[in-house]
Amino acid sequence: MVKRLYYLPILGLTLGVGIGLLIRYDVPPTYARYLSVAVLAALDSALGGVRALMERTFNDRLFISGFVTNTILAALITFLGDRLGVNLYLAAVVAFGVRLFQNLAVIRRLIVK
Amino acid sequence: MAALRSTRIGWGLFLTFAVLGFLLVLQFRTHQQVEADLASMSVDELSVLVATLSRESERLQAEVVDLRLELIGSQYARKTDAEMVDERRRSRDELELVTGAISAVGPGVRMVLTDTRGSLVGPYDMCEIINELRVAAARAIAVNGHRVDFNTGFSEGAAGILMSGRHISPPYDIVALGNPAELHSALLMPGGLAARLGSLPGVHVEVHRQEQLHVPSVDRTPLFQYATRVED
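Residues numbered from 1 in each chain as written. Chains lettered and ligands numbered in written order. Predicted model: local features only at pLDDT ≥ 70, side-chain atom pairs only at ≥ 80, totals over all residues. Heavy atoms only, no water.

Novice: Can you walk me through the environment of B:Thr16 in this structure?
Specialist: Note that B:Thr16 resides in helix H1 (residues 2-36). Those residues in contact with B:Thr16 that lie beyond four places of it in its chain are A:Phe63, A:Ile64 and A:Phe67. Engagement of the side chain of B:Thr16 in a polar contact is seen with the backbone oxygen of B:Gly12, the distance being 2.4 Å. (Helix = DSSP H or I, 4+ residues; strand = E, 2+ residues; numbered from the N terminus. Contact = heavy atoms within 4.5 Å. Polar contact = N/O pair within 3.5 Å; in protein donor to acceptor, adjacent residues only side chain to side chain.)

Novice: Explain the interface of chain A and chain B here, please?
Specialist: One widely used convention gives an interface's size as the accessible area the parts lose upon coming together. On the side of chain B, 25 residues touch chain A, which itself brings 36 residues to the contact. Buried area between chain A and chain B, summed over both chains or domains, comes out near 2900 Å², and the portion from carbon and sulfur atoms is 75%. Three residues stand out in chain A for area buried against chain B, namely A:Val39, A:Asp60 and A:Phe67, and they jointly supply 16% of the buried area on that side. For the pair chain A and chain B, the number of links is zero salt bridges. Where chain A meets chain B, there are five residue pairs in polar contact (both at pLDDT 80 or more). Sort the elements by how many residues they give to the side of chain A that touches chain B and helix H1 (residues 2-22) of chain A lands first, with 13 residues. The class makeup of the residues in the side of chain A that touches chain B is 26 nonpolar, five polar and five charged. (Buried area = accessible area lost by both parts, 1.4 Å probe. Salt bridge = Lys/Arg side-chain N within 4 Å of Asp/Glu carboxyl O. Nonpolar A, V, L, I, M, F, W, Y, C, P; charged D, E, K, R; others polar.)

Novice: Can you help me understand the layout of surface pockets in this one?
Specialist: Rolled over the atoms, a probe as big as a water molecule pinpoints where empty space is left. One number sums up the size of the largest pocket: a volume of about 250 Å³. Counting residues per element, the ones that place at least two in the lining of the largest pocket are helix H2 (32-54), helix H3 (60-84) and helix H4 (88-112) of chain A. Sort the elements by how many residues they give to the lining of the largest pocket and H2(A) lands first, with six residues. For the lining of the largest pocket, the per-class residue count stands at five nonpolar, eight polar and three charged. Put simply, the second largest pocket is a space of about 190 Å³. Around the second largest pocket, the lining is made up of twelve residues, and of these B:Asp149, B:Asn151, B:Thr152, B:Ser164 and B:Arg220 lie nearest the centre. A per-class count over the lining of the second largest pocket returns three nonpolar, four polar and five charged. (1 Å grid on protein atoms, 1.4 Å probe; cavity = no way out; pocket = protein on both sides within 12 Å on 5 of 7 lines; lining within 4 Å. Points joined across faces, edges and corners; volume = space filled by probe spheres on them.)

Don't take any of this as a statement about function, it's just geometry.
Here is the structure:
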């Protein structure tokens, strides 16, 4: 069952990329920063999901809610930082970046084992 | 129950990663756009960009000059003797027209200046008229049937004006070849020459555009007693 589930992220990613390439929607440069942090958060959540799946602790509700809220919150925090004049953007990048690497390390270990 | 859960997990993963893929593509594209956007660059980046582009522009301009020279060189090299003779002939004809060695015909303006008292229009006025016509790109000018060439000068005479030592008297008939509209407006501009001369008592100015005018050649060959040709 779990083996079959591993193909789904790849299929989903392919579909998403395909749709992204087909739909010519350009984000205004003003919002580019928010989008970049949101993408980082989404990437972190997605890798967290893969890790949980491999560790057999995957919870779909937790995963989807985490993905959505992390993505939106990351963009909101960046927006807030811009309004306050504090580079909260950097905090988000560091936090998600560190988690991203941790998740990757765990996934690597699980694969190698 | 387990199968249902598995399907739900599957769909969740699939959709989430689809959204991730979409976001990634969006971000890649936006980033490319932002990188190309000058407004998002810092002053340092912009100054480096300007310096680089200026250097490139200078280099390309130098290349353009080199290539033009090369092109001119190759055009000359390609020309046959007959073409060279033709070209020389053309430039000689042009020179003859400009210097007044031959008479000329063409469109232009005719200005008739009557001065019933015979003393109000002087050599300075004449110089001013000639100057005004030359500024308006007149290519050949004649006064009372005498060609105005590069040597012509006007001075005060006993009765009227001396044009290069030759006596001319009113009415002065000035013919100029060139763009009729430009010459006409140069002479008749508000507060200009014609207006000023016309306000003098007994002086009447008439300016007409004409499609076909004749300007004679110079009737005296200038003597180059002091100026001689510089050999290359």
